[in-house]
Amino acid sequence: MKILVINSGSSSIKYKVFDMPKEALVSKGVIEHIGEKGSAVSDHYSGLKIILEKIDGVGAVGHRVVHGAEKFKKPVLIDQAVIRKIRQCSAIAPLHNPANLAGVLACKKLLSGVKQVAVFDTAFHQSIPEHAYTYGLPYECYKKYGIRKYGFHGTSHEFVAKEAARILKKEFSKVKIITCHLGNGCSIAAVDRGKSIDTTMGFTPLEGLVMGTRCGDIDPALVTYIMQKKRMNPAEMDNFLNKASGLKGVSGISNDMRILEKKAKEGNRRAGLAVDIFVYRIRKYIGAYIAIMNGCDALVFTAGIGENQAGVREEITKNLFSCLKNAPKVLVVPTNEELMIARQTYQLVRGE
Ligand code: ADP
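K.L.:
Could you give me a rundown of the overall build of the protein, with the residues and numbers involved?
P.N.:
Scanning the protein from terminus to terminus reveals 14 helices and eleven strands. Expected size for 352 residues packed as a compact globule is a radius of gyration near 20 Å; at 21 Å, the protein falls within 12% of this value. Seen along its three principal axes, the alpha-carbon backbone of the protein occupies a region of about 55 × 55 × 50 Å. In the protein, buried positions account for 49% of the 352 residues. Contacts in the protein between residues at least 24 apart in sequence constitute 66% of all its contacts with a sequence separation of at least 6.

K.L.:
I'd like to hear about the pairing of strand β3 (residues 24–31), residue by residue, with values.
P.N.:
Bridge count for strand β2 (residues 13–19) against β3 is seven bridges, and the pairing is antiparallel. Residue pairing across strands places Val-17 opposite Ser-27, the latter belonging to β3. The antiparallel hairpin formed by β2 and β3 contains four residues in its connecting segment, where Glu-23 sits at a positive phi of about 65°.

K.L.:
A description of the nonpolar core should follow, citing residues and the corresponding values.
P.N.:
Ranked by internal contacts, the top residues of the largest apolar core, which has 34 residues, are Ile-178, Leu-182, Ile-188, Phe-278 and Ile-286. Counting only elements with at least two residues in this core, the list comes to β7 (176–182), β8 (186–192), α10 (257–265), α11 (269–293), β10 (298–302) and α13 (310–317). If one sorts the elements of this core by residue count, α11 sits on top with eleven residues. Core analysis: the second largest hydrophobic core is formed by 29 residues, Val-5, Phe-172, Met-340 and Ile-341 among them.

K.L.:
Can you tell me about empty space enclosed by the protein, naming the residues and giving the values?
P.N.:
Overall, the coordinates contain one cavity of 30 Å³ or more when judged by the stated rule. Roughly 40 Å³ of internal volume is contained in the largest cavity. As for the largest cavity, its lining consists of Thr-134, Tyr-135, Leu-137, Pro-138, Tyr-139, Cys-141, Tyr-142 and Ile-147.

K.L.:
Provide a residue-level description of the layout of surface pockets, including the pertinent values.
P.N.:
Here the second largest pocket defines a volume of roughly 770 Å³. Contributing to the lining of the second largest pocket are 19 residues, with Tyr-135, Leu-206, Glu-207, Pro-220 and Val-223 lying nearest its centre. Only α7 (221–230) and α8 (234–243) provide two or more residues apiece to the lining of the second largest pocket. When the residues that make up the lining of the second largest pocket are grouped by side-chain class, the tally is 13 nonpolar, three polar and three charged.

K.L.:
Let's hear about the site of the ligand: which residues, and what values?
P.N.:
Around the ligand, the neighbouring residues are Gly-183, Asn-184, Gly-185, Asn-255, Asp-256, Met-257, Arg-258, Ala-303, Gly-304, Ile-305, Asn-308 and Gln-309. Arg-258 has a polar side-chain atom sitting 3.2 Å from an oxygen atom of the ligand. One of the backbone nitrogen or oxygen atoms of Ile-305 is found 3.2 Å away from an oxygen atom of the ligand. Protein chains shield 63% of the accessible area of the ligand, which is 560 Å² for the free molecule. Listed by contribution, the elements that provide at least two residues to the shell around the ligand are α10 and α12 (303–308). Looking at which element gives the most residues to the shell around the ligand, the answer is α12, with four residues. Each residue belonging to the shell around the ligand can be placed in one class, and the counts come to three nonpolar, seven polar and two charged.

K.L.:
Summarise the packing of aromatic side chains; cite the residues concerned and give the values.
P.N.:
For the structure on display, the rule yields five aromatic pairs. Each ring, one from Tyr-150 and one from Phe-203, has its centre 6.2 Å from the other, and the planes form 40°; the classification is tilted. Of this pair, Tyr-150 sits in the loop between α5 (140–145) and α6 (154–168) while Phe-203 sits in the loop between β9 (195–199) and α7, placing them 53 residues apart in sequence. The buried category is assigned to Tyr-150, whose relative accessible area is 3%. For Phe-203, a relative accessible area of 23% translates into the label partly exposed. Arranged with centres 5.9 Å apart and planes meeting at 55°, the rings of Tyr-285 and Tyr-289 form a pair that is tilted.

Rules of the game
- Residues numbered from 1 in each chain as written.
- Predicted model: local features only at pLDDT ≥ 70, side-chain atom pairs only at ≥ 80, totals over all residues.
- Heavy atoms only, no water.
- Helix = DSSP H or I, 4+ residues; strand = E, 2+ residues; numbered from the N terminus.
- Rg over C-alpha atoms; globule rule 2.2 N^0.38 Å.
- Buried < 20%, exposed > 50% of the residue type's maximum accessible area, 1.4 Å probe, protein only.
- Contact = heavy atoms within 4.5 Å.
- Pairing = 2+ DSSP bridges.
- Core = buried A, V, L, I, M, F, W, Y, C linked by side-chain atoms within 4.5 Å.
- 1 Å grid on protein atoms, 1.4 Å probe; cavity = no way out; pocket = protein on both sides within 12 Å on 5 of 7 lines; lining within 4 Å.
- Points joined across faces, edges and corners; volume = space filled by probe spheres on them.
- Nonpolar A, V, L, I, M, F, W, Y, C, P; charged D, E, K, R; others polar.
- Near = heavy atom within 4 Å.
- Polar contact = N/O pair within 3.5 Å; in protein donor to acceptor, adjacent residues only side chain to side chain.
- Areas by Shrake-Rupley, 256 points an atom, 1.4 Å probe, with all protein chains shown as cover.
- Phe/Tyr/Trp six-rings, centres within 6.5 Å; stacked < 30°, edge-to-face > 60°.

Written out as structure tokens, the structure is:
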């Protein structure tokens, strides 16, 4: 069966087609600049039409959906009720869910009768216990506004954790794994015997590690302090923390870790500092996750930095486990979120 995997963003649609259950990649591509000034592609419907002209015999579609809040704990077949709920989640993911839904609605029109599945970035982390997902805020923030840790990159963490268990030749439900997804966005998950029990990203992807352009954990009092100092409104502050901070903000050079590693080696102090704080924050969380799982069988690196930058991996793991009786195996596992979505879509449409 041919499964079309769609990752629909605000101005782009990325797709891959897999032949399942062989898991063979049949084709892939991207349509960009959707809805932008001067673009020939005015909306997601037109973008998807172009994609479908190149593909025939689609048996089912799997959609990446960023936010499922507490409404979705696993992938689901899409119907009107699911569409309504994804729309409700847009309140806490205004940049992502509407764009994901645009892809779903375009598919519904163009591939009527073909089953569609939604796979959520947040779903794998729905097993995180209450004491780990609740913030130290008045409880009504959770009850009234759904404010809690949700976590993201769930499809990637699940995929590489399962791969790691396979490499270790152990059952997924019996191993303790720490997965480090280090790309432009970065997050770590503690996967305890098959379940995510904590992750570094939070209510939004801003929490946790220092990332390409995101600050990660900071003193929350800084938000209002900086807004006053720089006379910024909430939207400007949001942009400051998400787009102007992290590796880019500290180094003043780039958000690209390849460039920073090179500049740091050449003696650029701020590039060196950016790499150091990136590494330090990761080491700190790995230590914390070993503590909450009471051990760890494997530490997994994935995504752009995790897969390709051996120097950064070395800095992170240097003497990291010297105080442990049993050091975890360190693995590099290339992530493949689209294949994970194809697998889950195939399983659901076959009623497994
Ligand atoms: P995204 O979160 O945008 O998917 P990636 O997983 O592509 O990001 O990771 C981007 C980061 O990985 C950048 O900091 C980049 O410098 C770093 N990187 C290192 N080697 C590579 C590579 N071969 N290809 C892509 N990114 C790489």
